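Listed here are the chains, written in short residue letters.
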Amino acid sequence: MRIAIIGGSFDPIHYGHIHMGLESIKQLKVDEVWFMPTKITPLKDRELTSVEDRVSMIKLAIEPYANFKLCTLELEREEKSYTIDTLRELKKRYKHEFYWIIGNDQLEQFDRWKDPEKLVKMAQFVCFDRDHMLTKTSYDIKRLHMECMPVSSSEIRMGNKLNYLPSKVLDYIYANRLYVKEFVANRVPEHRYRHSLSVANLCEEFARNNGLDVNVAYYIGLFHDVCKAMPKDRMLCWIKAICPENEKYAPPVWHGFVGAEVVDRIFYIKDWRIKNAIYHHVLGTSTDPYAMAVFCADKLDPLRDYDTSKGIQLCKQDLYKGFLKVKEDNERYLQKGK
Ligand SMILES: [Fe+2]
Ligand SMILES: [Fe+2]
C-alpha cells in the first residue's frame, strides 16, 4: 500500500489538515493517509494540549473519511520524537511505501531536522507548496502545489477562524473547555479577563445550586464581557447592523447586545440561553434563569471592592430571590449616581 503520513501536533486539527489529506490522495494516488500526532515536537517549546484531547479531536475530524487513519506510533515513545526514529519504526513494522508530507514552513527548516540526508532516502518527502514553489531546497523533496487554506492551529487557539474546524471538533473543544480562556484573554485587558473568569466560576456555582447546566452557565460568565473593550465606533457598526433600535441606549450598555452576536458569529456558539443571557446581562432585563445567573454573578463578583458574600449566598439558595435583591440594589445605586 502507498501511505501518506501527515505528522504534526494537531493542536487542534482543522480543515487545513483534512484538505492536505485529500490532496495527498488526489495528487499522490496514495491508498491511505495516516495522521500522526507528536507527543513532543522537537522544534517547538510551547506546552501542548494533552495527548488524549488531541487524539480525540483527530478521531472526530477523520471519522467521515474511510481512508484516513490515526497512527499513534510517535505517542508510544517516551523521549522526543524525531522523524528518523519514527520512519525506522514504520519500516520495521510495515511493508508499505511511505510518503511523508510536509508544509512550506517545515521545508524552510528542513536542515534543522535530525539526519535530513538519511530521511529523504527512507521515504519520499513531499512538500505541498502553497506559494508556488518559492522556497528553495537542496534535498530530494517532491514539490506539489495545493490551494492555500488560510488557517493555522495557533489562530484557532486564539479564537479566530473557528469555521475551519469540523463541527464535532468544535463541540469537543467547548465540552472540554480547551483554549476557551485564550479566546477571551486575547480580546480584553488583563483586569477584564480576571473578572470574566471570576464571573464564569460564580455562574457555574449558581447553576450547580439551582439545578441548571453548569457548562452553559460557565460560558455565559466567560464570554459576557468579551466585547467590553471593543472600540465605540466598531461597536456602533455592529449595533446599526444587528439591532439599530438599541442605539438609543448609552454606549456602556452596547457590549451586551454586540457580545451576544459575537458569540454566535465569531465563536459559533448557537445556544439560545447563552446568547440571551449575554444580551441582557447589563440591564438585567430577562428572567430566564441563565440570564439572572450572569446578571447576579456580574454584580456579585468577589473581585469587586465591596462585600458580596450575602448576595452570593442568597443566589445559591434561590436564584430568583437573589436576582430581585441584586436588581433592587443596582437600581438604588444607579439612582444615587443621577
Ligand atoms: Fe458587562
Ligand atoms: Fe462584567
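These numbers come from a predicted model, not from an experiment.

**Quick look at unusual backbone geometry**
The peptide bond linking D11 to P12 adopts the cis configuration, its omega dihedral lying at 5°. Positive phi, close to 45°, is recorded for F10, a residue that is not glycine. In this structure F10 comes out as buried when scored by relative accessible area, which is 3%. Unusually for a residue other than glycine, K161 sits at a positive phi of about 55°.

**Here we look at the packing of aromatic side chains**
Pairs of aromatic rings are described using the distance from one ring centre to the other and the angle between the two planes. For the structure shown, the criterion picks out 19 aromatic pairs. Where W34 meets F98, the ring centres are 5.8 Å apart and the plane angle is 65°; that geometry is what we call edge-to-face. Here F98 lies in strand β4 (residues 97–103) and W34 lies in strand β2 (residues 32–37), a separation of 64 residues in the sequence. Like F98, W34 is buried. Between W113 and F125, the ring centres sit 6.2 Å apart and the planes meet at 75°, which makes this aromatic pair edge-to-face. With a gap of 12 residues between them, W113 in the loop between α4 (104–108) and α5 (116–122) and F125 in strand β5 (residues 124–129) connect regions that are remote in the sequence. We classify F125 as buried; its relative accessible area is 0%. Among the aromatic side chains, those forming a connected cluster through ring pairs are Y174, F183, Y218, Y219, F223 and F267. Over the aromatic face of Y218 sits the side chain of R177, whose NZ or CZ is 3.7 Å from the ring centroid. One residue, K327, lies across the ring of F295, its end atom 5.9 Å from the ring centre.

**Focus on the UniProt feature "domain: HD" (unreviewed entry) in the protein**
What UniProt calls "domain: HD" (unreviewed entry) maps, in this numbering, to residues 192–303. In the segment residues 192–303, helix accounts for 66% and strand for 0%; the C-alpha atoms at its two ends are 11 Å apart.

**Some thoughts on the pattern of salt bridges**
Under the defined criterion, the tally for this structure stands at 25 salt bridges. Among the ionic pairs, R194 bridges to E190, the shortest N-O distance being 3.2 Å. One end of the pair, R194, and the other, E190, are both in helix α9 (residues 190–209), 4 residues apart, so they sit about a helical turn from each other. One salt bridge connects R208 with E204, and the closest N-O pair in it is separated by 3.5 Å. Of this pair, R208 and E204 both sit in helix α9, 4 residues apart, which is roughly one turn of that helix. Among the charged side chains, a salt-bridge network with shared partners connects E76, E89, K92 and R93.

**Considerations on the environment of E204**
Residue classification places E204 among the buried positions, given a relative accessible area of 12%. Each C-alpha atom, one on E204 and one on W100, is 46 Å from the other, the two residues being 104 residues apart in sequence. Ignoring anything within four residues of it in the chain, the contact list for E204 reads R177, V214, A217 and Y218.

**Here we look at the coordination of the iron ion (ligand 1)**
Listed as protein donors to the iron ion (ligand 1) are D225 (OD), H255 (NE2) and H281 (NE2); their distances from the metal cover 2.1 to 2.2 Å. When the donor residues of the iron ion (ligand 1) are listed from N- to C-terminus, their spacing reads D-x29-H-x25-H. Taken as a pair, the iron ion (ligand 1) and the iron ion (ligand 2) show a spacing of 3.6 Å, with D225 coordinating each metal. One end of the pair, H255, is in helix α12 (residues 251–265); the other, H281, is in the loop between α13 (272–280) and α14 (289–299), and 26 residues separate them in sequence. Neither H255 nor H281 differs from the other in exposure class; each is buried.

**What to know about the coordination of the iron ion (ligand 2)**
In the first shell of the iron ion (ligand 2), the protein supplies H195 (NE2), H224 (NE2), D225 (OD) and D298 (OD), at 2.1 to 2.3 Å from the metal. For the iron ion (ligand 2), the 4 donor atoms are set out with angles of 81 to 178° between them, so the coordination reads as irregular. Summarised as a motif, the one-chain spacing of the donors to the iron ion (ligand 2) is H-x28-H-D-x72-D.

**Thoughts on helix α3 (residues 83–93)**
Looking at α3, one finds that the buried residues are T83, I84, T86, L87 and L90. Buried residues of α3, seen end-on, are gathered within an arc of 160° and therefore sit on one face of the element. Against the buried residues of α3 lie β1 (2–8), β2, β4, α5 and β5.

**Observations concerning helix α15 (residues 309–317)**
It helps to recall that an α-helix has 3.6 residues per turn; residues three or four apart then point in one direction. Along α15, the residues that are buried comprise G311, I312 and C315. All buried residues of α15 lie within an arc of 100° about the axis, which places them on one face of the element. α15 presents K310 and Q317 as exposed residues on the side facing more than 90 degrees away from its buried surface.

**Quick word on the nonpolar core**
The biggest cluster of nonpolar side chains holds 85 residues, and the ones touching the most others in it are I13, F35, Y174, F206, F223 and F267. When residues of this core are assigned to their parent elements, the largest contribution, 8 residues, is made by α14. In this structure, this core is formed jointly by two domains, domain 1 (2–169) and domain 2 (189–337), each of which donates at least three residues. F267 has contacts with G159, L162, L170, Y174, F183, R187, F223, V226 and V262, leaving out every residue within four places of it along the chain. Judged by nonpolar contacts, the second largest core, of 23 residues, contains I3, W34, L119 and F125.

The rules behind each value
Residue positions within a chain follow its written sequence, with the count starting from 1. Throughout, the order in which chains and ligands are written sets their labels, letters from A for the former and numbers from 1 for the latter. Totals for whole chains, interfaces and linings use all residues, but because this is a predicted model, local features are given only for residues with pLDDT of at least 70 and pairs of side-chain atoms are given and counted only at 80 or more. Excluding hydrogens and water, the side-chain values take into account all heavy atoms of the structure. Note on classification: 1.4 Å probe, protein chains only; a residue is buried when its accessible area is under 20% of the maximum for its type, exposed when over 50%, partly exposed between these limits. When two rings of Phe, Tyr or Trp (its six-membered ring) have centres within 6.5 Å they constitute a pair, described as stacked for plane angles under 30 degrees, edge-to-face for angles over 60, and tilted for the intermediate range. Numbering of helices and strands runs from the N terminus; a helix is a DSSP stretch of H or I covering at least four residues, while a strand is a stretch of E covering at least two. For a lysine, the NZ atom is tested; for an arginine, the CZ atom; a charge sits over a ring if that atom is within 6 Å of the ring centre and within 35 degrees of the ring normal. UniProt positions are given in the numbering used here, feature names are shortened, and annotations may be inferred rather than shown by experiment. Here, a salt bridge means any side-chain nitrogen of Lys or Arg that lies within 4 Å of a carboxyl oxygen of Asp or Glu. Whether two residues touch is decided by their heavy atoms; if any such pair falls within 4.5 Å, the residues are in contact. In this analysis a donor is any N, O or S atom within 2.8 Å of a metal ion (3.2 Å for sodium, potassium and calcium), and since water is not included, sites may seem incomplete. By the criteria applied here, four donors are tetrahedral when all angles lie between 85 and 135 degrees, four are square planar and six octahedral when opposite donors are over 155 degrees apart and every other angle lies between 65 and 115, and any other arrangement is irregular. To be clear, the arc concerns the directions from the helix axis to the C-beta atoms. For our purposes a nonpolar core is just a set of buried Ala, Val, Leu, Ile, Met, Phe, Trp, Tyr and Cys residues, chained together by side-chain atoms within 4.5 Å. Boundaries between domains were set according to an automatic or database domain assignment.

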